[in-house]
Amino acid sequence: MIQNIWLVPLFPLIGFLIAGLGRKQLGNAAGWIASAAVLASFIVSVMIFFEVSAEGFKSIDVHLYDFIKVGKLDIAFEFRVDQLSSLFLLIITGIGFLIHIYSIGYMKGDVGFGKYFAFLNLFIFSMLLLVLGSNFIIMFIGWEGVGLCSYLLIGFWYHKKEYSVAARKAFVMNRIGDLGFLIGMFLIFAKVGTLDFQTLETLSFKGVIAEPGYLTAIAFCFFVGAMGKSAQIPLFTWLPDAMAGPTPVSALIHAATMVTAGIYMITRAHFIFSFSETAQTFILIIGLTTALVSATIAIRQNDIKKVLAYSTVSQLGFMFMALGVGAYTTAVFHVLTHAFFKALLFLGSGSVIHAMSNEQDIRLMGGLKSKMPITHSTFLIGCLAIAGIPPLSGFFSKDEIMMNLFIHGTYGKVFWVLGMIAALLTAYYMFRLYFITFLGEFRGGDKLKSHLHESPALMTMPLIVLAILAAAGGFLGIPEVFAHDAHWLHNFLTPVIEKSLALEPTIHHLSHSAEYIMMAVAVSVAIIGILLAWGSYKKFDAKKENKGIEKFFEDKWHWDEAYENAFQKPFMKMSAFAEKNIERKGIDGGVNGIGKLVEFASDKLRLLQNGSVGVYLFLMVLGMILLFIIQLLSNG
Amino acid sequence: MGGMLGIVAAAILGVVMMFVGLISQKSSVIRIAGVACFLILVGVTAFDFSAIHEQGTQLYFNNMLSVGIKASWFNVLISACAFIYILIFNNHITKVGKNDAEYFALMLFIMVGVFMLSTYNHLLILFIGIEILSIPQYILAGSDKENIKSNEASLKYFLMGAFSTGILLMGITLIYGSVGSFEIGNIATAFQGEVTALPMIGVILLIIAFGFKVSAAPMHWWTADVYDGTPTAITPFMATIVKVAAFIGFINLFHGAFGNIHYSWKLTIAILICVTLFIGNITAVFQQSVKRMLAYSSIAQAGFMLFAVFALNDTAEKSIIYYGVSYTLASIGVFAVLIKLKDYTYEGFNGLGKSHPLYAITATVCLLSLAGIPVTSGFFAKYFVLTAAMEQGLWLGIIVFAVLMAAISIYYYFRVIRAMYFTSSTEEITIESNPMEQILLVINAVLVVLLGLFPQFILG
């Protein structure tokens, strides 16, 4: 089956073409066709996954054709099948399929139904290219493809101005990151002349790219790419705005898959990052800052999706912390569990929004528990999972990150404390959201109240499946302290990053008792967070205004305004100036001037041709004499 | 056997053609005879080619003629181009004046000169070849006797041609004076390393004489007036086949005899390239008549072909043949549509795309090729000559300049296309459609594209 890996991206591509070309004729069938395409990919992915998880499997590069072969540049269209990519295949197609099904219910009756599914399939296709590519170029094609789909889907309801502005913002921010990615590729290519992962890994561990400064530069550039795609400070403001898109899109693209591309890329390129401690520390600090800052913003948001969006940014920060300490498998583990519970939470919020007739303000909600039992219970599971209550999945992955922070170097314990604060905030903002939305009295007025209903089975089924996954997903990575060698995910992924692991100085494990204590601390922090939320929000006063620091959080630290003043306004002024002086006067003037000059010259030269043979002969002899003079001068 | 049969056949067929004119006055008979003559010529040159292919280079008349594989392949191609020209234009040629058969005969005599220029190995044969090439042209230019412009063209061409013949003879004399031989091989052996002033002046005089024949600036003055005044049925023959033959003669002499003293003449050629490209392209921009624009464009195209003269390598010798064929076919295609129109200005082309889509599309393909748009052969023609010049180490600035000039040429070529497709005509264009001719034009346009897709056919 592995040789047929091309089937996996092929199905969504076909689905994209069918749904896209037949979007007018197919009607509701477009949704089913698109879902079936992703299901087919999922089935193939599962088959491949079983082959990959067999004992003694070695990564395989499946060569499809020579993509670019010019001179020294040799880029193959090649897919890399190994533990890492096959795991991501499962996440993308599996969760992708659930969200497709959910979307059929959610998008029912929308005018752009067919278009929506075409874009969704195109996204799946691009994302698959991103994770399957065996070199940076193919990965970059997918990387740009998901960026495009993200843009298209954020601005899906483009007739609303602020939505298309949000889409544009996402695109521009991503472009800044992509520039980093590109420069990183150029730097690598300039040094070693290849972009193939396998070759690069070999070369890198042989020490060919050994200059630390150069390596750090490469790592830094790629990390800028990751910052854009995975919404890290300072390129994170697009993600909350991206919530303009349909909610399933937020679940799929802006929570479960695309935004984790940065983590995937860094794991894939571990052979660069593992050699640059500077870059790793930088990643760690950025991740930690992002986790803290966005968690503080999340505690004062009133839009249900905004809370989840900032939560996503914060969780991505956790993943980057793990990458910053070289714990690649831990980061991927958190990607996995986060994909489960965050997709669940987003879809749950979608179900709520659906019931609330597209109202997203939690101040108008409340008491939905009785009206929407399935949504409520699955949402609660999601909240518990993200807060880190054992034995739900979030506990395991977050605990592992914290453990890795704790034992990391001199300042590890400081990072650990700060991480714990972020975890506390996580529990707090999630349960604030939960309490306000599902408990208490309904505050949205009678008209909305009469509409409240549980969502159709098409939407609740994916919720249930995801709830099960979010609850049980953590058992893929049972820590050493509970059972020896039971961390399945770590063992599974080890072959991919073996060489990087070998670089690490022998990790001094914590004693079991210390580990138990830390787990207890983590759980208590989560519970404290929940209790604090309970204390403040068991009775919610929707009219209360935020003041001081709370207001500052609600206003998102004024990041957007800062960017506007620091970049946008000066840039606009510069543009206006350039348009007026350089474009109009300079370039246009120049181009038109050349045209006028040619016409002028033509007009004058034409007059020499006056028809008289005598003049012609005279001019000809003049030309001859000039030729002789030039020849004479050139001979000295 | 075989090798110079082309020259013999062209001369005999020319005489035969004159007799045909005596026997029959009917233009249909004469046309059939003319087409047949050129078909036979293609056959004979092909036979020559196969013979040379087997036997290798042949020498005739005490080494005065040397028929090699390249020369005889060129003869086949140029005869085939002439044949295509005759096929498309025979109808129009007979409408020029009263002496129909003589026009065909004169063209056959010109072909004798063409073959001599591709095969000469002796400066006397070069001189005779050039004269055989030129004198029938003076007559052909004036073939529309009733038309004052045609007469003017003939006289102007003759006067200035005589002037250039003098220069040619002067150049040959100086070369002979310093070498003591007319033979190409001997001259090449004599000219090694540094040369004295006397032969150097001779070389430059020869450049000027050839520059006149290929209409390179500043010897180009006759071109526009002559091409414009000459009957439209004759102009394409002069502007393409004759010009390409002159280039072959040019290259044979400068690569064969003066190859070892490239240093002494490369500057002059480089200047000619720049001036020709500049004058040809810039002046073409302001023309209001498409026929006159094509005359200037033929000067501009000559500027590109001069790159092949500059470059002393195999690529250049192959690419000049490719350029010649590509340019000839494309020009024939444009002239064939032009001759159908009453009004030769750009306005005359207005709305042709709607009223006569087939003529418009074939003309468009040919214009694209002349402008050097990829996929058509014109693009590769320009590409090959520029490559050849690059290999020779021509200063990069001149290459860039040439490309810029090609960009300007797009302006005047596309003006015709714009007129055909984007401007509607106020009055109906009446063209008598001839199915046979339409098929030929389509074949011609297809050839223009096919040669672009498979340049190896000519280069290999």
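In short, a report on the structure. (Residues numbered from 1 in each chain as written. Chains lettered and ligands numbered in written order. Predicted model: local features only at pLDDT ≥ 70, side-chain atom pairs only at ≥ 80, totals over all residues. Heavy atoms only, no water.)

**Some details on the overall build of chain B**
Inference 1: Counting secondary structure elements, chain B contains 19 helices and 2 strands.
Inference 2: Here chain B holds 460 residues, and 64% of them are scored as buried.
Inference 3: Accessible area for chain B stands at about 16,200 Å²; split by element, carbon and sulfur atoms hold 69% of it. (Helix = DSSP H or I, 4+ residues; strand = E, 2+ residues; numbered from the N terminus. Buried < 20%, exposed > 50% of the residue type's maximum accessible area, 1.4 Å probe, protein only. Areas by Shrake-Rupley, 256 points an atom, 1.4 Å probe, with all protein chains shown as cover.)

**So, the packing of helix 1 (residues 5–23) of chain B against helix 2 (residues 27–55) of chain B**
Residue and element names in this part refer to chain B.
Inference 1: At a minimum axis separation of 9 Å, helix 1 and helix 2 run at an interaxial angle of 170 degrees. When the interaxial angle is binned, helix 1 and helix 2 end up roughly antiparallel. Packed against helix 1, whose contacting residues are Leu5, Gly6, Ala9, Ala10, Leu13, Met17 and Val20, the element helix 2 presents Ile30, Ala33, Gly34, Cys37, Ile40, Leu41, Val44, Thr45, Phe47 and Asp48 at the interface. (Axes fitted to C-alpha atoms, helices over the stretch in contact; angles between N-to-C directions. Parallel < 35°, antiparallel > 145°, perpendicular 65-115°, else oblique. Contact = heavy atoms within 4.5 Å.)

**Comments concerning the side chain of Arg432(A)**
Inference 1: Of note, Arg432(A) is situated in helix 20 (residues 412–438).
Inference 2: In this view, Arg432(A) contacts Ala298(A), Ile299(A), Arg300(A), Gln301(A), Asn302(A), Val307(A), Ile362(A), Ala533(A) and Tyr537(A); residues no more than four positions away in its chain are not counted.

**Digging into the pattern of salt bridges**
Inference 1: Enumeration over the complete set of coordinates arrives at 17 salt bridges over all chains.
Inference 2: Between Asp361(A) and Arg363(A) there is a salt bridge, with its nearest N and O atoms 3.0 Å apart.
Inference 3: Exposure remark for Asp361(A): the relative accessible area of 19% places this residue in the buried category.
Inference 4: Salt bridges sharing partners connect three or more residues here, namely Lys149(B), Glu152(B), Lys156(B), Asp225(B), Asp228(B) and Arg292(B). (Salt bridge = Lys/Arg side-chain N within 4 Å of Asp/Glu carboxyl O.)

**Notes on the environment of Tyr176(B)**
All names here are of chain B.
Inference 1: Structurally, Tyr176 can be placed in helix 6 (residues 148–179).
Inference 2: In the structure, Tyr176 is positioned 26 residues away from Gly202 in sequence and 9.1 Å away in space, judged by C-alpha atoms.
Inference 3: The residues contacting Tyr176, other than those within four sequence positions of it, are Ser181 and Phe182.

**Let's talk about the nonpolar core**
Inference 1: Core analysis: the largest hydrophobic core is formed by 207 residues, its most contacted members being Phe136(A), Phe222(A), Ile272(A) and Phe273(A).
Inference 2: When residues in this core are grouped by element, the largest group, 17 residues, is from helix 16 (residues 328–355) of chain A.
Inference 3: Taken domain by domain, the makeup of this core includes at least three residues from each of domain 1 (1–246) and domain 2 (276–544) of chain A.
Inference 4: With sequence-adjacent residues up to four places away left out, Phe273(A) is seen in contact with Ala219(A), Phe222(A), Phe223(A), Ile266(A), Gln280(A), Ile283(A) and Tyr328(A).
Inference 5: By size, the runner-up hydrophobic cluster in this structure holds 196 residues, among which are Leu605(A), Val67(B), Ile184(B) and Ile282(B). (Core = buried A, V, L, I, M, F, W, Y, C linked by side-chain atoms within 4.5 Å. Domains from an automatic or database assignment.)

**Overview of the pairing of strand 2 (residues 73–81) of chain A**
Residue and element names in this part refer to chain A.
Inference 1: Counting buried positions over the 9 residues of strand 2 gives 7, a clear majority of the element.
Inference 2: Note that strand 1 (residues 60–70) and strand 2 share 9 bridges and pair antiparallel. Looking at the pairing, Tyr65 lines up with Phe77 of strand 2. (Pairing = 2+ DSSP bridges.)

**So, a nonpolar patch on the surface**
All names here are of chain B.
Inference 1: A grouping of Leu358, Ile361, Val375, Tyr421, Phe422, Val442, Val446, Leu450, Leu453 and Phe454 is seen on the molecular surface, where their side chains present a nonpolar patch of about 910 Å² in accessible area.
Inference 2: Listed by contribution, the elements that provide at least two residues to the nonpolar patch are helix 15 (357–371), helix 17 (396–422) and helix 18 (435–453).
Inference 3: Looking at the nonpolar patch element by element, the count peaks at 4 residues for helix 18.
Inference 4: Within the element layout of this structure, Leu450 appears in helix 18. (Patch = residues over 30% accessible without salt bridge, like charges linked within 9 Å, V, L, I, M, F, W, Y side chains within 5 Å.)

**What to know about the packing of helix 6 (residues 136–154) of chain A against helix 11 (residues 247–256) of chain A**
Residue and element names in this part refer to chain A.
Inference 1: Running from N to C, helix 6 and helix 11 point in directions that differ by 155 degrees, and their axes come no closer than 11 Å. Classed by the angle they form, the pair helix 6 and helix 11 counts as roughly antiparallel. With respect to the hand of their crossing, helix 6 and helix 11 are arranged in left-handed fashion. Between helix 6 and helix 11, the contacting residues are Ser150, Leu153 and Ile154 on the first element and Val249, Ile253 and His254 on the second. (Left-handed = near helix turned anticlockwise from the far one by under 90°.)

**Things to note about unusual backbone geometry**
Inference 1: Look at the link from Ile233(A) to Pro234(A): it is a cis peptide, with omega at 10 degrees.
Inference 2: Residue position: Pro234(A) is located in the loop between helix 9 (212–229) and helix 10 (238–241).
Inference 3: A cis amide bond links Ala217(B) with the next residue in sequence, Pro218(B), at an omega value of 5 degrees.
Inference 4: Topologically, Pro218(B) is positioned in the loop between helix 8 (197–213) and helix 9 (221–229).
Inference 5: Unusually for a residue other than glycine, Phe61(B) sits at a positive phi of about 50 degrees.
Inference 6: With respect to the helices and strands, the residue Phe61(B) is situated in the loop between strand 1 (58–60) and strand 2 (65–67).
Inference 7: Phe61(B) gets classed as exposed once you look at its relative accessible area, which sits at 53%.
Inference 8: Not every positive phi belongs to a glycine, and Asn63(B) is a case in point at roughly 65 degrees.
Inference 9: Judged by relative accessible area, Asn63(B) falls into the partly exposed class, the value being 31%.

**A look at the interface of chain B and chain A**
Inference 1: Each partner contributes to the interface: chain B provides 35 residues, whereas chain A provides 24 residues.
Inference 2: Between chain B and chain A, a total of about 2,600 Å² is buried, with carbon and sulfur atoms accounting for 79% of that surface.
Inference 3: In terms of surface lost to chain A, no three residues of chain B exceed Phe163(B), Trp221(B) and Phe286(B), which account for 26% of the buried area on that side.
Inference 4: The interface formed by chain B and chain A includes 0 salt bridges.
Inference 5: Applying the counting criterion to the chain B and chain A interface returns 6 residue pairs in polar contact (both at pLDDT 80 or more).
Inference 6: The set of elements that each furnish at least two residues to the side of chain B that touches chain A consists of helix 6, helix 8, helix 9, helix 11 (262–285), helix 12 (290–310) and helix 17 of chain B.
Inference 7: Considering each element in turn, the side of chain B that touches chain A owes the most residues, 10 residues, to helix 11 of chain B.
Inference 8: Among the residues making up the side of chain B that touches chain A, the classes are represented as 26 nonpolar, 5 polar and 4 charged. (Buried area = accessible area lost by both parts, 1.4 Å probe. Polar contact = N/O pair within 3.5 Å; in protein donor to acceptor, adjacent residues only side chain to side chain. Nonpolar A, V, L, I, M, F, W, Y, C, P; charged D, E, K, R; others polar.)

**Quick look at the environment of Gln392(B)**
Residue and element names in this part refer to chain B.
Inference 1: Inspection of the secondary structure puts Gln392 in helix 16 (residues 377–392).
Inference 2: Residues Gln392 and Phe310, 82 residues apart in the sequence, show an inter-C-alpha distance of 7.9 Å.
Inference 3: Contact partners of Gln392, with chain neighbours within four places excluded, come to His262, Phe310, Ala311, Leu312 and Asn313.
Inference 4: A polar side-chain atom of Gln392 sits 3.0 Å from the main-chain amide nitrogen of Leu312.

**Some points on the side chain of Glu183(B)**
Residue and element names in this part refer to chain B.
Inference 1: Mapping Glu183 onto the fold places it in the loop between helix 6 and helix 7 (184–190).
Inference 2: Buried and without a salt bridge, Glu183 has Lys70 as its closest oppositely charged side chain, separated by 19 Å.
Inference 3: Apart from the residues lying within four places of it in its own chain, the contact partners of Glu183 are Asn62, Asn63, Asn121 and His122. (Lys, Arg positive; Asp, Glu negative; His and termini not counted.)

**Quick notes on helix 10 (residues 235–256) of chain B**
Residue and element names in this part refer to chain B.
Inference 1: In a regular helix each residue adds 1.5 Å, so 22 residues correspond to 32 Å; helix 10 covers 30 Å between its end C-alpha atoms and thus fits that length.
Inference 2: Maximum bend of helix 10: about 25 degrees, positioned at Lys243.
Inference 3: Buried residues dominate helix 10, accounting for 20 of its 22 residues. (Expected span 1.5 Å × (residues − 1). Bend = angle between axes of the 7 residues up to and from the residue.)

**Let's talk about the packing of aromatic side chains**
Residues and elements named next belong to chain B.
Inference 1: Overall, the coordinates contain 57 aromatic pairs over all chains when judged by the stated rule.
Inference 2: An aromatic cluster is built from Phe191, Phe210, Phe247, Phe250, Phe254, Phe258 and Trp265, whose rings are joined through pairwise contacts.
Inference 3: Directly above the aromatic system of Tyr346 lies the positively charged group of Arg415, at a separation of 3.9 Å from the ring centroid. (Phe/Tyr/Trp six-rings, centres within 6.5 Å; stacked < 30°, edge-to-face > 60°. Lys NZ or Arg CZ within 6 Å of the ring centre and 35° of its normal.)

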